[in-house]
Amino acid sequence: LEPDQSGGSRPVIGVFDSGFGGLTVLKALLRRMPAARFVFLGDTARLPYGSKSRRTIARYAAESAQFLVNQQGAQFLVIACNTASALALDAIQEAVQVPVLGVIEPGAAAAAQNSATRDVLVIATEATVASHAYVAACRARGLRGVEKACPLLVPLVEEGWIEHPVTAEVVRIYLSEVLDVARAAGQSPDTLVLGCTHYPLLRAVFQRAVPEGMRIIDSAEAAAEAAARLVADQVSGQAAKPFDGLRAGSGAPGPEIRCFATDSVEKFERLGSRFLELPVGMVELVDLGG
Ligand code: DGL
């Protein structure tokens, strides 16, 4: 681990997404580890992943992970991208030698903690839904899940149409369709999993559209919680002087964030602050090939 100025150690945490939507995960990580060092890569040149095949997603994600570990010194990787987590976690784990955490398992675990009826809804990209990774992770925890691809939501969020009547209507239609499928199968879902980096930005819109009493699980929050636990465990196990900067406090160094993108740095800087709710600062361009 990297020594910090106080003689303790400051872990370098790599966060990867197909674009800047994964900054919702970084935001959740920052709240839990405000004094860690973060390197974020958005593979904006090759976005969207959500409509691509497993083979392509695995290659892109493995190359991105290698950049964060081999060139930026990441000691932990958080795969913020639901699509890469669903289709390429194995490929990423094979490509790098550091602990790798995806968003699917923490998201399913949070759903399992929340659901009383044991029936959940999962919304995500087309590729994530086609992989059935969420439903498998839910089933392993005794839940029944119905999933639905919502391909219109990522472009609407990227367009900035958050509080927009068109977005509210799209959300309403997607929700009523997935609820109909679940009810036709005799299920009574009480939990909705937001299985895509972009959907937490629409949380308020979903909140107004879901049936009364339905809980919304944000996989970004669930993954950040799991990542903070993993980092704390590993760091206290390895360091001579444990890193205490996972918490903010007097004397603790502030967060250090470096952002990289494979394309459109200006767009990243502009839209990224909306996801992070902080200025993303200067974004560095990196070429990972085609
Ligand atoms: N990051 C992707 C996800 O969470 C959404 C954007 C994309 O399709 O690349 O599934």
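Note that the structure is a prediction, hence the values are computed from the model and not measured.

Enquirer: Could you give an account of the sheet that holds strand S3 (residues 12–17), with specific residues and numbers?
Expert: Reading across from one edge, S6-S5-S3-S4-S11-S12 is the order of the six strands in this open sheet, with parallel pairing throughout. The open sheet is flanked by strand S6 (100–101) and strand S12 (283–285), the only strands paired with a single partner. Relative to strand S11 (residues 256–261), strand S4 (residues 37–42) is paired through six bridges, and the arrangement is parallel. Bridge pairing in S11 links Val39 to Arg258. Docked against the sheet, helix H3 (residues 82–95) engages S3, strand S5 (76–79) and S6, running at close to 155° with respect to S5.

Enquirer: Lay out the packing of aromatic side chains with the relevant residues and their values.
Expert: Think of a pair of aromatic rings as described by two things: how far the centres are apart, and how the planes are tilted against each other in angle. Counted according to the given criterion, the structure contains seven aromatic pairs. Each ring, one from Phe20 and one from Phe268, has its centre 5.6 Å from the other, and the planes form 85°; the classification is edge-to-face. Taken together, the residues span a long stretch of sequence, with Phe20 in the loop between S3 and helix H1 (23–32) and Phe268 in helix H11 (residues 265–276) at a distance of 248 residues. The class for Phe268 is buried, based on a relative accessible area of 0%. Aromatic side chains Phe40 and Phe268 sit 6.0 Å apart centroid to centroid with 70° between the ring planes, which places their arrangement in the edge-to-face category. In this pair, Phe40 sits in strand S4 while Phe268 sits in helix H11, placing the two residues 228 residues apart along the sequence. Judged on exposure class, the residue Phe40 and its partner Phe268 are both buried. Cluster of aromatic residues (ring-pair linked, three or more members): Phe20, Phe40, Phe268 and Phe275.

Enquirer: Can you lay out the pattern of salt bridges for me, pointing to particular residues and giving the numbers?
Expert: Overall, the coordinates contain 16 salt bridges when judged by the stated rule. A salt bridge links Arg32 to Glu225; its shortest N-O distance comes to 2.8 Å. Of this pair, Arg32 sits in helix H1 while Glu225 is found in helix H10 (residues 219–238), placing the two residues 193 residues apart along the sequence. The exposure class assigned to Arg32 is partly exposed, which follows from its relative accessible area of 24%. Glu63 serves as the salt-bridge partner of Arg46, at 2.8 Å between the closest nitrogen and oxygen. With Arg46 in the loop between S4 and helix H2 (54–71) and Glu63 in helix H2, this residue pair connects regions lying 17 residues apart in the sequence. By sharing partners, the salt bridges in this structure join Arg31, Arg32, Glu221 and Glu225 into a single network.

Enquirer: Can you explain the sheet that holds strand S9 (residues 191–195)? Please cite residues and give values.
Expert: Sheet architecture is open: four strands sit in the order S8-S7-S9-S10, paired in parallel fashion. Both edges of this open sheet fall to strand S8 (144–149) and strand S10 (215–218), since each of them pairs with a single strand only. Looking at each pair of strands side by side, their axes are set apart by 25° on average, direction ignored. Pairing between S9 and S10: four bridges, direction parallel. Across the sheet, residue Leu194 finds its bridge partner in S10, namely Asp218. Packed on one face of the sheet, helix H4 (residues 104–114) meets strand S7 (119–124), S9 and S10 and runs near 160° to S10.

Enquirer: Could you give me a rundown of the site of the ligand, with the residues and numbers involved?
Expert: What surrounds the ligand is the set Asp17, Ser18, Leu47, Pro48, Tyr49, Gly50, Cys81, Asn82, Thr83, Thr125, Cys196 and Thr197. At 2.6 Å, a side-chain N or O of Ser18 approaches an oxygen atom of the ligand. Between an oxygen atom of the ligand and a main-chain N or O atom of Thr197, the distance comes to 3.0 Å. When the ligand sits alone it has 300 Å² of accessible area, and the protein chains cover 99% of it. Here the residues of the shell around the ligand sort into five nonpolar, six polar and one charged.

Reading guide: rules and limits
- Residues numbered from 1 in each chain as written.
- Predicted model: local features only at pLDDT ≥ 70, side-chain atom pairs only at ≥ 80, totals over all residues.
- Heavy atoms only, no water.
- Pairing = 2+ DSSP bridges.
- Helix = DSSP H or I, 4+ residues; strand = E, 2+ residues; numbered from the N terminus.
- Contact = heavy atoms within 4.5 Å.
- Axes fitted to C-alpha atoms, helices over the stretch in contact; angles between N-to-C directions.
- Phe/Tyr/Trp six-rings, centres within 6.5 Å; stacked < 30°, edge-to-face > 60°.
- Buried < 20%, exposed > 50% of the residue type's maximum accessible area, 1.4 Å probe, protein only.
- Salt bridge = Lys/Arg side-chain N within 4 Å of Asp/Glu carboxyl O.
- Near = heavy atom within 4 Å.
- Polar contact = N/O pair within 3.5 Å; in protein donor to acceptor, adjacent residues only side chain to side chain.
- Areas by Shrake-Rupley, 256 points an atom, 1.4 Å probe, with all protein chains shown as cover.
- Nonpolar A, V, L, I, M, F, W, Y, C, P; charged D, E, K, R; others polar.

Limitation: the analysis is restricted to geometry and does not speak to function.
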